[in-house]
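Tertiary structure, described
Listed here are the chains, written in short residue letters.
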Amino acid sequence: MQAQELDSPGHCGAVPGVPGAVPTCSPTASARWGGDPPLCSSAMWPNNSSLGPCFRPMNITLEERRMIASPWFAASFCLVGLASNLLALTVLAGARQGSSQTRSSFLTFLCGLVLTDFMGLFITGAIVVCQHANFFDWHSVDPSCHLCRFMGVAMVFFGLCPLLLGATMASERYLGITRPFSRPATTSQRRAWTIVGLVWATALVLGLLPLLGVGRYTVQYPGSWCFLTLGPEPGDVAFGLLFALLGSFSVGLSFLLNTISVATLCHVYYGQEAAQQRPRDCEVEMMAQLMGIMVVASVCWMPLLVFIAQTVLRSPPVMDAAGQLSEGTEKQLLIYLRVATWNQILDPWVYILFRRAVIRRLHPGLSARARSLSMQPQLSRRPTVA
């Protein structure tokens, strides 16, 4: 991969590992950084006496910083994601008009997902692009680590929200398809937005835990983003496992519920009762979109979540007493973050491409066979006596 294609991962581009990084700290670190304060001083990590608690040793030289510190790729990547989410929001606004109550609730959840992806790209992308323009010199911009903590919270919040919202949407469709009498016949938009707000609150509470002493946010290689610390401290291990397990549980729950919902749709569609009760187009459309969202989330996030859990549980610890990770671990973390970043780019396109208009073009017979009848249970009429 060429140097100009390497980029930082903070939800608006990622930087794969750069070959030739310095594996260990040395007394000449200050000279290597061109006169900057030595980021390889072991005293500043445990004692936090030099620059702040968010700075730790990094395997990067001044020459490597200059080689990859190009803001153009990160900015372009971010703009593509923002444009994709804006397009999806525009399409969603048009689809909400005249939609049924059930579909309107689903579109509300989907709108919350796209809005979350848009804000995540915008907030973290602005920080990443600025750090690229500043040659990753984070300590000159944020010596007290306030910006680093803010970005760490944003990374956890905007990372977990799509996974939690995907599980929420899968649960709503599962109840609507398999247990129609166990939920209200109609779900108001206010109630749907309340559920979205609860999901946001849950992700925010988890993101604030390091500010309360559970885990730490630190500047990550190459110095353009902040994320949770993969260290052996009990707080770091607990926070890393909580993040990984909650994200993995959301993906697993989505997979289970969506599989049951699709199986139910197929049974109704091709079963003996299909002549009297077929799924409507909108139900097929919603499940197609949910399956796409689930696949994207699984492919993008599971490698990172598994990597975090494996790293914090590894013995002996991957991070040494000075707070330094091995070169291979830093490269893997960057690659997995880059893959996870694509979740926010692909989510809006799942909705844009998996709409009824597109599905009908790919499968013209679907509209003719499944247009007017509903999955809602229907009471059979008794014959009247003349």
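Residues numbered from 1 in each chain as written. Predicted model: local features only at pLDDT ≥ 70, side-chain atom pairs only at ≥ 80, totals over all residues. Heavy atoms only, no water.

Take the environment of Leu87 next. Summarising the element assignment, Leu87 is placed in helix 4 (residues 71-96). Along the backbone, Leu87 and Pro348 are 261 residues apart, and their C-alpha atoms lie at a distance of 7.9 Å. Not counting residues within four places of it along the chain, the set of residues in contact with Leu87 comprises Trp349 and Ile352. (Helix = DSSP H or I, 4+ residues; strand = E, 2+ residues; numbered from the N terminus. Contact = heavy atoms within 4.5 Å.)

The subject of this paragraph is helix 7 (residues 146-178). Under the 1.5 Å per step criterion, the end-to-end length of helix 7 is 48 Å for 33 residues, consistent within 8% with the ideal 48 Å. At Cys161, helix 7 shows its largest bend, some 25°, and a proline, Pro162, comes one to four positions later. Taken across its 33 residues, helix 7 has 27 buried, putting it largely inside the fold. (Expected span 1.5 Å × (residues − 1). Bend = angle between axes of the 7 residues up to and from the residue. Buried < 20%, exposed > 50% of the residue type's maximum accessible area, 1.4 Å probe, protein only.)

Our focus in this paragraph is the side chain of Ser250. Position of Ser250 relative to the elements: it lies in helix 9 (residues 234-270). Beyond its immediate sequence surroundings of up to four residues, Ser250 is in contact with Leu163, Leu164 and Ala167.

This part is about the state of the cysteines. This structure, assessed with the given rule, holds two disulfides. Residue pairing for Cys54: its cysteine sulfur links by disulfide to Cys145, the two sulfurs lying 2.1 Å apart. With the S-S bond torsion at -80°, the cross-link from Cys54 to Cys145 turns out left-handed. Remark: Cys145 occurs in the loop between helix 6 (138-141) and helix 7 and Cys54 occurs in the loop between helix 2 (44-47) and helix 3 (62-68); sequence separation between them is 91 residues. The pair formed by Cys54 and Cys145 is uniform in burial state, with each residue classed as buried. In this model, Cys148 is linked to Cys226 through a disulfide, with the two sulfur atoms separated by 2.1 Å. The sign of the -120° torsion about the S-S bond sets the Cys148-Cys226 disulfide as left-handed. Remark: Cys226 occurs in strand 2 (residues 225-228) and Cys148 occurs in helix 7; sequence separation between them is 78 residues. There is no split in this pair, since Cys148 and Cys226 are both buried. (Disulfide = S-S within 2.5 Å.)

On the secondary structure map, Pro234 appears in helix 9. Along the primary structure Pro234 and Val312 are separated by 78 residues, whereas in three dimensions their C-alpha atoms are 9.6 Å apart.

Moving on: the nonpolar core. In terms of nonpolar packing, the biggest core is built from 77 residues, with Leu110, Phe227 and Phe243 touching the most fellow members. Those residues within four positions of Leu110 in sequence are excluded, and the remaining contacts are Leu92, Met169, Gln289, Ile293 and Tyr351. Core analysis: the second largest hydrophobic core is formed by six residues, Phe77, Cys78, Leu82 and Phe118 among them. (Core = buried A, V, L, I, M, F, W, Y, C linked by side-chain atoms within 4.5 Å.)

Within the secondary structure, Leu228 sits in strand 2. A relative accessible area of 0% places Leu228 in the buried class. Each C-alpha atom, one on Leu228 and one on Pro210, is 8.3 Å from the other, the two residues being 18 residues apart in sequence. In this view, Leu228 contacts Arg216, Tyr217, Gln220, Phe239, Gly240, Phe243 and Ile308; residues no more than four positions away in its chain are not counted.

Nothing here speaks to function; it is all geometry.
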